[in-house]
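Fold and contact review
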Amino acid sequence: MEKFSMSKNTTFYALGLSYKKADATMRGKFSLDASAQSALLAQAKEEGIESLIVTSTCNRTEIYGFANHPYELIKLLCENSNGSVEEFQEVAYIYKSQDAINHMFRVGTGLDSQILGDFEIISQIKNAFKVSKTEGLVNTFMDRLVNSVIQASKKIKTDTEISSGATSVSFASVQYIIRNVENIGNKNILLFGTGKIGRNTCENLVKHTKNGHITLINRTKNKAEQLAGKLNVVVKDYANLQEEIQQTDVLVVATGAKNPTIDKTLLNLKKPLLILDLSIPRNVNPDVADIDGVTLIHLDYLSQMTDDTLERRKQHIPAAEAIIEDLKLELNTWMNGRKYAPTIHALKAKLNDIVATELALQRKKTINFDEEQADLISSRIIQKITNHFASHLKDENTSVDDSIDFIEKVFQIGQLAPKVVPSAIEEKYKINLS
């Protein structure tokens, strides 16, 4: 697949950082809440970015978009998060064109997830896509690409067993609790935070522990009450957090706060306490582990857990990759068609101009010139010529970009735009892309 751009001077990039190289602290610095994402999109529009989506989850923060140079997107990320360019350079990745497309497919289908087959990320991509579309930041290519990734995700989930066992961070946390807390059905469990991971964890707790002593606390109480109504669990006021912690055996923290919400000052314990921090940035201060009887587990540890379920999932990777390749081929065919169609139309127009000029000359020189017959013959010849060029461009072994450039140069039908290198941005954000 060739380098794809909607215009001659922009390229499609995917860049960001993930659990693979960035620890929880670093991911926290680059995490983007809803307001930061909105600000980033607004800035992108102001700076002339034609198409862009941004995702930020506990495991990764990424930007997919078109730019003259990746520095433009790096700048957006760093200026709307707490991360610096230097830190980005240490832990980040930058993909372009085909590699960027491949990356989105693998992320969206759970092949690049911290827990293989975790499909929660596709909903994040869908949401990011909807927000960007509302803001007018989705071009035709991005629309087609995201929908192809969504289609791949659905097909893999339906046609393979790579997501069997419902393993996710929330599921892994519940499995850890069950394996490490004796008599879990009779223990007090407190869940603090009812965002997506919190909701999923609560559902898994109810389903798998058969525990009747689960309490929810959320800063916005009505959100906790909505969840509690579905799951038949208890809700307490945020003001009662410290009191409830003293009574619980297991504390699950899944808030979206930017700073730790649980620290030593809240813990005055009379019995052992297991704390699971499922938040990015970390919402539990690591100093709580200094307290006797406290065990602190972060989601990065949970994500490393391997069991028979994950081993079985690995067997389905080839089938999942085959589905991705099929949909990438469809995307490639569509992309190449969009790339060469304007050139074919321009070529046809150019040939028509040549014919019109020649016919005008022959009309003056030839007595009883047969206008209708000449038009018919020339039209058929032009169609056959353009069909030959179109067939060449459709061939999967053809370098479409090179062929388009050649046709445009020979027939003088295209104005190739020079490569744009934003020297001011490059000077300010010196990133080693090797």
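Just so it is clear, the structure is predicted and the values come from calculations on it, not from any experiment.

**A closer look at the overall build of the chain**
Looking only at helices and strands, the chain has 17 helices and 10 strands in total. With respect to the principal axes defined by its C-alpha atoms, the chain has extents near 110 × 50 × 40 Å. Counting only residues that meet the buried cut, the chain has 50% of its 434 residues in that class.

**A short note on the state of the cysteines**
Counting across every chain of the model gives zero disulfides. Here C202 stays unpaired: no disulfide links it, and the sulfur of C58, its closest cysteine neighbor, is 17 Å away.

**Focus: helix α15 (residues 371-394)**
Taking 1.5 Å of rise per residue, 24 residues should cover 34 Å, and α15 covers 34 Å from first to last C-alpha, within 8% of that figure. When α15 is considered as a whole, its buried residues turn out to be A374, S378, I382, T386, A390 and L393. Next to the buried residues of α15 lie α14 (317-365) and α16 (400-411). Where α15 begins, one side-chain oxygen reaches toward the backbone nitrogen of E372, 3.4 Å away; that side chain belongs to D370.

**Considerations on the side chain of T109**
Within the secondary structure layout, T109 lies in the loop between α5 (97-108) and α6 (120-134). Taking the relative accessible area as the measure of exposure, T109 reaches 0% and is therefore buried. At 2.6 Å, the side chain of T109 and the backbone oxygen of F105 are in polar contact. A distance of 3.5 Å separates the side chain of T109 from the backbone oxygen of R106, its partner in a polar contact.

**Examining the packing of helix α2 (residues 34-46) against helix α3 (residues 70-79)**
Where α2 meets α3, the axes come as close as 9 Å, and the angle between the chain directions of the two elements is 145°. Once α2 is placed against α3, the crossing between them reads as right-handed. For the pair α2 and α3, the contacting residues are L40, Q43 and A44 in the first and K75, L76, L77 and E79 in the second.

**Looking at the sheet that holds strand β4 (residues 93-96)**
With respect to topology, four strands assemble into an open sheet ordered β2-β3-β1-β4, the strand pairing being antiparallel. Only two strands of the sheet have a single neighbouring strand rather than two, namely β2 (52-56) and β4. The average angle at which neighbouring strand axes cross in this sheet is 15°, direction not considered.

**So, the pattern of salt bridges**
Per the stated rule, a full pass over the model turns up 17 salt bridges. Where K75 meets E47, a salt bridge forms, and the shortest distance between an N and an O atom there is 2.6 Å. One end of the pair, K75, is in helix α3; the other, E47, is in the loop between α2 and β2, with 28 residues separating them in the sequence. As a salt-bridge pair, E371 and R363 come within 2.5 Å of each other at their nearest N and O atoms. Overlapping salt bridges bring together K20, R60, E62 and D112 as one network.

**Overview of the environment of I297**
Here I297 is to be found in strand β10 (residues 294-298). Classification of I297 as buried rests on a relative accessible area of 9%. Taking C-alpha positions, I297 is 35 Å from V146, a pair spaced 151 residues apart along the chain. Leaving out residues up to four positions away in the same chain, I297 has contacts with Y176, L274, I275, L276, D277 and L302.

**Quick look at the UniProt feature "binding site: NADP(+)" (unreviewed entry) in the chain**
Taken from the UniProt record, the annotation "binding site: NADP(+)" (unreviewed entry) applies to G193, T194, G195, K196, I197 and G198. Mapped onto the secondary structure, G195 falls in the loop between β5 (189-192) and α9 (196-209). The exposure class of G195 is partly exposed, given its relative accessible area of 31%. The topology assignment puts G198 in helix α9. Relative accessible area serves as the criterion here: at 0%, G198 is assigned to the buried category. Leaving out residues up to four positions away in the same chain, G198 has contacts with L191, G193 and A254.

**Regarding a nonpolar patch on the surface**
On the surface, a cluster of nonpolar side chains totalling about 240 Å² of accessible area is made up of I377, I381 and I385. One can find I381 in helix α15. The partly exposed category is assigned to I381, whose relative accessible area is 45%.

**Describing the packing of aromatic side chains**
Counted according to the given criterion, the structure contains eight aromatic pairs. A ring pair is formed by F66 and F141, whose centres lie 5.5 Å apart and whose planes are at 80°; its orientation type is edge-to-face. Residue F66 is found in strand β3 (residues 60-67), and its partner F141 is found in helix α7 (residues 140-159); the two are separated by 75 residues along the sequence. When sorted by exposure, F66 lands in the same class as F141, which is buried. Ring plane angle 35° and centroid distance 5.5 Å describe the contact between Y93 and Y95, whose orientation is recorded as tilted.

What counts, and at which threshold
Residues numbered from 1 in each chain as written. Predicted model: local features only at pLDDT ≥ 70, side-chain atom pairs only at ≥ 80, totals over all residues. Heavy atoms only, no water. Helix = DSSP H or I, 4+ residues; strand = E, 2+ residues; numbered from the N terminus. Buried < 20%, exposed > 50% of the residue type's maximum accessible area, 1.4 Å probe, protein only. Disulfide = S-S within 2.5 Å. Expected span 1.5 Å × (residues − 1). Contact = heavy atoms within 4.5 Å. Polar contact = N/O pair within 3.5 Å; in protein donor to acceptor, adjacent residues only side chain to side chain. Axes fitted to C-alpha atoms, helices over the stretch in contact; angles between N-to-C directions. Left-handed = near helix turned anticlockwise from the far one by under 90°. Pairing = 2+ DSSP bridges. Salt bridge = Lys/Arg side-chain N within 4 Å of Asp/Glu carboxyl O. UniProt positions renumbered as here; feature names shortened; annotations may be inferred. Patch = residues over 30% accessible without salt bridge, like charges linked within 9 Å, V, L, I, M, F, W, Y side chains within 5 Å. Areas by Shrake-Rupley, 256 points an atom, 1.4 Å probe, with all protein chains shown as cover. Phe/Tyr/Trp six-rings, centres within 6.5 Å; stacked < 30°, edge-to-face > 60°.

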